[in-house]
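Listed below, chain by chain, are the residues.
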Amino acid sequence: MKKVTAADFAAMKESGEKISMVTAYDYSTARLVDGSGIDSILVGDSLGMVMLGYEDTVSVTMEDMIHHCAAVTRGTERALVICDMPFMSYQTSVYDAVKNAGRIMKEGRAGAVKLEGGTDFAEHIEAIVKASIPVCAHIGMTPQSVNAFGGFKVQGRSVEAAKRVIEDAVEVEKAGAFAVVLECVPARLAEYISGILTIPTIGIGAGAGCGGQVLVYQDMLSMYSDFTPKFVKKFADVGSVMRGAFEDYNRAVKDGSFPAAEHGFKINDEVLAAVTGRDGSEL
Ligand code: KIV
């Protein structure tokens, strides 16, 4: 099966085909996503919230990302796996950025890395790309900067803020990023940016004018109820199905209806009689 690559993203932008991307953090989910035909799997540092229960992504480590990324790549044959660089794995220096991007590729077996930040991190992106590692940038609302932003807020609404988002987009493209995630950016601004860039934009809360879309799978499947952003569409209520199944299982264990005979393993009467000293057919 032909793997989707960073170069295919450019071809999709060229032909006008929208790019589909969703997060996954484990082998079983990756297999389901990969089999669905979705183009790309993002091992997002959102795993800090939806998998590990942190209130934000700040505590996520390189070890967390590599551990989950390796599981996802083992479950993926076709989709392009992009792995997030966690907070403080690249902000500290260009050297750290290249070294840690390299670890994600070597140990996590990702096809590309993603990092948050625009103009301020253009040098870091350029150095990682020089090391032959494809980089997806992420601008607009960048969750690792939650403490600097003072919360998860839409970016680019004022003239000054909109100019900053445009400049960030242009600079990450110049630095060599093969795609850029636009998060929580007004739809018409995102459409404008998508039109002036040659690389594809991947929107999350950025409207339909982007070259592709990404969602966190627990959000789109109603599996994470701590907080649901406005931009999320719930494509299924898997959370209710799971809870219902757990309730059924709990009842079945308590009332003894599970496991039934067909869920068990047989032993012959003589063996049982020999070890218990009782007639095996009575047990
Ligand atoms: O971590 C993540 O899942 C992300 C997406 C929200 C784009 O960065």
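Before reading on, note that the structure itself is shown above.
Residues numbered from 1 in each chain as written. Predicted model: local features only at pLDDT ≥ 70, side-chain atom pairs only at ≥ 80, totals over all residues. Heavy atoms only, no water.

The two faces of the sheet receive side chains in turn, since in a regular strand these alternate between them. Of all five residues making up strand β3 (residues 80–84), five are buried, and the element is well covered by its neighbours. Neither face of β3 is open: one carries Leu 80, Ile 82 and Asp 84, the other Val 81 and Cys 83, and all of them are buried. Two strands pair when backbone bridges link them, and strand β2 (residues 40–43) and β3 are joined in this way by four bridges, in the parallel orientation. When the bridges of β3 are listed, Ile 41 appears paired with Val 81. (Buried < 20%, exposed > 50% of the residue type's maximum accessible area, 1.4 Å probe, protein only. Helix = DSSP H or I, 4+ residues; strand = E, 2+ residues; numbered from the N terminus. Pairing = 2+ DSSP bridges.)

Pairs can form between side chains of opposite charge once their charged atoms are near each other. Scanning all chains against the criterion turns up eight salt bridges. Measuring nitrogen to oxygen at the nearest pair gives 2.7 Å for the salt bridge that ties Arg 103 to Glu 63. Placement of Arg 103 in helix α5 (residues 94–108) and of Glu 63 in helix α4 (residues 62–74) is noted, with a sequence separation of 40 residues between them. Judged by relative accessible area, Glu 63 falls into the partly exposed class, the value being 47%. Between Lys 114 and Asp 84 there is a salt bridge; the shortest N-O distance is 2.7 Å. In this pair, Lys 114 sits in strand β4 (residues 112–116) while Asp 84 sits in strand β3, placing the two residues 30 residues apart along the sequence. Relative accessible area serves as the criterion here: at 2%, Lys 114 is assigned to the buried category. Put simply, Glu 63, Arg 103 and Glu 107 are held in one network by salt bridges that share partners. (Salt bridge = Lys/Arg side-chain N within 4 Å of Asp/Glu carboxyl O.)

Counted according to the given criterion, the structure contains four aromatic pairs. Arranged with centres 6.0 Å apart and planes meeting at 35°, the rings of Tyr 25 and Tyr 217 form a pair that is tilted. Within this pair, whereas Tyr 25 is found in the loop between β1 (19–23) and α2 (27–36), its partner Tyr 217 is found in helix α10 (residues 217–220), the two being separated by 192 residues in sequence. Geometrically, the ring pair formed by Tyr 249 and Phe 258 is edge-to-face, given 6.0 Å between the ring centres and 65° between the ring planes. (Phe/Tyr/Trp six-rings, centres within 6.5 Å; stacked < 30°, edge-to-face > 60°.)

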